[in-house]
Amino acid sequence: MDFEAITSNLPLYLEGLATTVELVVLALILGMALAIPIGLLASRKSVWVTFLPKSFIYFFRGTPLIVQMYMIYFGAGQFEWLRESFLWFLFKEAYACALIAFSLNTAAYTAEILRGAIIATPYGEIEAGRASGMSGWLILRRIILPSSFRRALPAYGNEVIFMLHGSALAGVITIIDLFGAARIVNSRHFVPFESFITAGVFYLILTFAIIWIFKRIEFRWHAHLRPRNS
Amino acid sequence: MHEFLVESLSGVLGGYLYPFILEGMLLTIELAILSLFFALVLGLLGAVAKLSNNRSAKFVAGLYTTLIRGVPDIVLMFIIFFGGQLAVNIIGDSLGLDYIEISEFTAGVVTIGFIFGAYMAETFRGAILAVPRGEIEAGYAYGMTPIQVFIRITFPACVRHALPGFGNNWLVLAKTTALVSVIGLEDMVFRATQAGGSLRQPFTFYLVVAGLYLVITAVSDVGLRWLDKRYSVGVRRA
């Protein structure tokens, strides 16, 4: 094992680490912003309302993330009108394409998690809101959403880890994230084991960090479910 | 059949749909099914090791499932594909063997099987724990050996509990096979890139491939529902 190539390239790995974290955080924020309305619509009863959000969820959960990313990164150029529109500055950048693909993908998974949590809201909670004279919007804001977020938390933690792992695909389309950095180090020094294992260790640390963060949030949000300490 | 398909699909996507893309789909399915078998074997071994009283077996299985589930699959694939090639030849060299080349297909099957073995191990562990203790004790009371108990009682009884997790793992596995296109295996994603490039219609071809993945998912769903029905015989549902 030759770890000199790794130590001399540590700044590259750290740069990659920053890119990975940035991509994942941005994708999660954008994804959540999309997932809340989509999840809410998908949890309605009317088939007319749920058709579009459910198709969105079905498509993005049923196809590989790499294909979605290729569709946006390589596929966008197929459309003349897109190339001439002002949006082209986004679609010609690998970074923006990866971010769009990741956001849409995590939005679909998160929306499905939220949908499950929303339809599982105990009806008594909603009735209690009505009985207190709350309007539909107020019930949504004060009861349905907070209660569903609590129920969705463990599954969402898993989704965040999946997004972190999925983000490694950015390295395939020339972005220097952790995986991209490892690929560069491997091609420069031909140290496949060392370079990719180093990236793997960074991902492992990030994964454990996410697990720890979600344990903390669960501790706070599920305070009412904690056994009472005497 | 072949001629008939070539003829009838010749106008579709510039003639690229059959055989070019659909052959790639066949490779995707082959890869997925072979990896699945590999993953099932590793998963069962992992689950049994995790539940055994042997501390070192427990430790190794715990390390395996934690490490694999903590690292992105594409990173693992590169470690096994590039690193494995190197490792096999270092070992081969010391044994005085000629250069051994690992095909992309083998590397793909091994990697995906290895990754999903870890997820399967967790699924099976939970399922085995869900088998009522009394049923296993009854087996021992009849004088069965531990292996007989596993084959005759624990395994058939845990299948029902393992099926939902197994189904999820299979669906994720089928989608993960798309990553092999990055290491140069000609699956349907790889072929979509080629065909889309030559016709200058990348979006169309990726969309078609996405649709083919949805077909795989939909067919799997039907199969899984059938299995669930079969293995839940005698279970009453509200």
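Right, let's walk through the structure included here. Predicted model only: the values in this text are computed from it and were never measured.

Brief notes about the packing of helix H2 (residues 10-42) of chain A against helix H7 (residues 94-119) of chain A
Residue and element names in this part refer to chain A.
- Relative to each other, H2 and H7 sit at 45 degrees, their axes nearing to 6 Å. What the angle tells us is that H2 and H7 run oblique. As for how H2 packs across H7, the hand of that crossing is right-handed.
- When grouped by side-chain class, the residues that make up the contact of H2 with H7 number 20 nonpolar, six polar and two charged.

Notes on the environment of Phe91 of chain A
All names here are of chain A.
- Considering the arrangement of structural elements, one finds Phe91 in helix H6 (residues 88-91).
- For Phe91, a relative accessible area of 17% gives the class buried.
- Distance in space between the C-alpha atoms of Phe91 and Trp48 is 32 Å, their sequence separation being 43 residues.
- In this structure, Phe91 is in contact with Ile72, Tyr73, Ala76, Leu82, Cys97 and Ile100, ignoring residues within four places of it in sequence.

Some thoughts on the nonpolar core
- Tyr13, Val67, Tyr70, Phe102 and Phe179 of chain A together with Ile74 of chain B are the most contacted members of the largest nonpolar core, which totals 116 residues.
- Those residues in contact with Phe179 of chain A, other than ones at most four positions away along the chain, are Ala168, Gly171, Val172, Phe196 and Tyr203 of chain A together with Ile74, Val75 and Phe78 of chain B.
- With 20 residues, the next largest nonpolar core counts Phe56, Phe60, Ala111 and Leu114 of chain A among its residues.

Observations regarding the packing of helix H7 (residues 146-176) of chain B against helix H9 (residues 202-231) of chain B
Residue and element names in this part refer to chain B.
- At a closest axis distance of 10 Å, the pairing of H7 and H9 adopts a crossing angle of 180 degrees. Judged by the angle between their axes, H7 and H9 are roughly antiparallel. Note on element contacts: H9 touches H7 through Tyr213, Ile216, Thr217, Ser220, Asp221, Leu224, Leu227, Asp228 and Tyr231, opposite Pro156, Val159, Arg160, Leu163, Phe166, Gly167, Trp170, Leu171, Ala174 and Lys175.

Digging into the interface of chain A and chain B
- Contacts between chain A and chain B engage 32 residues on the former and 35 residues on the latter.
- Scanning the region where chain A abuts chain B turns up zero salt bridges.
- When residues of the side of chain A that touches chain B are traced back to their parent elements, those giving at least two are helix H3 (47-62), helix H4 (65-73), helix H9 (136-166), helix H10 (178-189) and helix H11 (192-221) of chain A.
- Split by residue class, the side of chain A that touches chain B holds 23 nonpolar, seven polar and two charged.

Some points on H9 of chain B
- Given a rise of 1.5 Å per residue, 30 residues ought to cover 44 Å, and the 43 Å separating the end C-alpha atoms of H9 of chain B matches this to within 8%.
- Every buried residue of H9 of chain B is listed here: Pro202, Phe205, Tyr206, Val209, Ala210, Leu212, Tyr213, Leu214, Ile216, Thr217, Ser220 and Leu224 of chain B.
- Residues of H9 of chain B that are buried make contact with H3 and H4 of chain A together with helix H2 (17-51), H7 and helix H8 (188-199) of chain B.

Description of unusual backbone geometry
Residues and elements named next belong to chain A.
- Positive phi values are uncommon outside glycine, yet Thr174 reaches one of about 70 degrees.
- Along the polypeptide, Thr174 turns up in the loop between H9 and H10.
- Residue classification places Thr174 among the exposed residues on the basis of a relative accessible area of 63%.

Observations concerning the pattern of salt bridges
Residues and elements named next belong to chain B.
- Scanning the model with the defined rule gives eight salt bridges over all chains in all.
- A salt bridge links Glu23 to Arg191; the nearest nitrogen and oxygen atoms lie 3.2 Å apart. Note that Glu23 is positioned in helix H2 and Arg191 in helix H8, a separation of 168 residues in sequence.
- When its relative accessible area of 41% is taken as the criterion, Glu23 is described as partly exposed.
- With relative accessibility at 13%, the residue Arg191 sits in the buried group.
- Connected through shared salt-bridge partners, Lys50, Arg69, Glu122 and Arg125 make up one network.

Reading the values: rules and limits
Residues numbered from 1 in each chain as written. Chains lettered and ligands numbered in written order. Predicted model: local features only at pLDDT ≥ 70, side-chain atom pairs only at ≥ 80, totals over all residues. Heavy atoms only, no water. Axes fitted to C-alpha atoms, helices over the stretch in contact; angles between N-to-C directions. Helix = DSSP H or I, 4+ residues; strand = E, 2+ residues; numbered from the N terminus. Parallel < 35°, antiparallel > 145°, perpendicular 65-115°, else oblique. Left-handed = near helix turned anticlockwise from the far one by under 90°. Nonpolar A, V, L, I, M, F, W, Y, C, P; charged D, E, K, R; others polar. Buried < 20%, exposed > 50% of the residue type's maximum accessible area, 1.4 Å probe, protein only. Contact = heavy atoms within 4.5 Å. Core = buried A, V, L, I, M, F, W, Y, C linked by side-chain atoms within 4.5 Å. Salt bridge = Lys/Arg side-chain N within 4 Å of Asp/Glu carboxyl O. Expected span 1.5 Å × (residues − 1).

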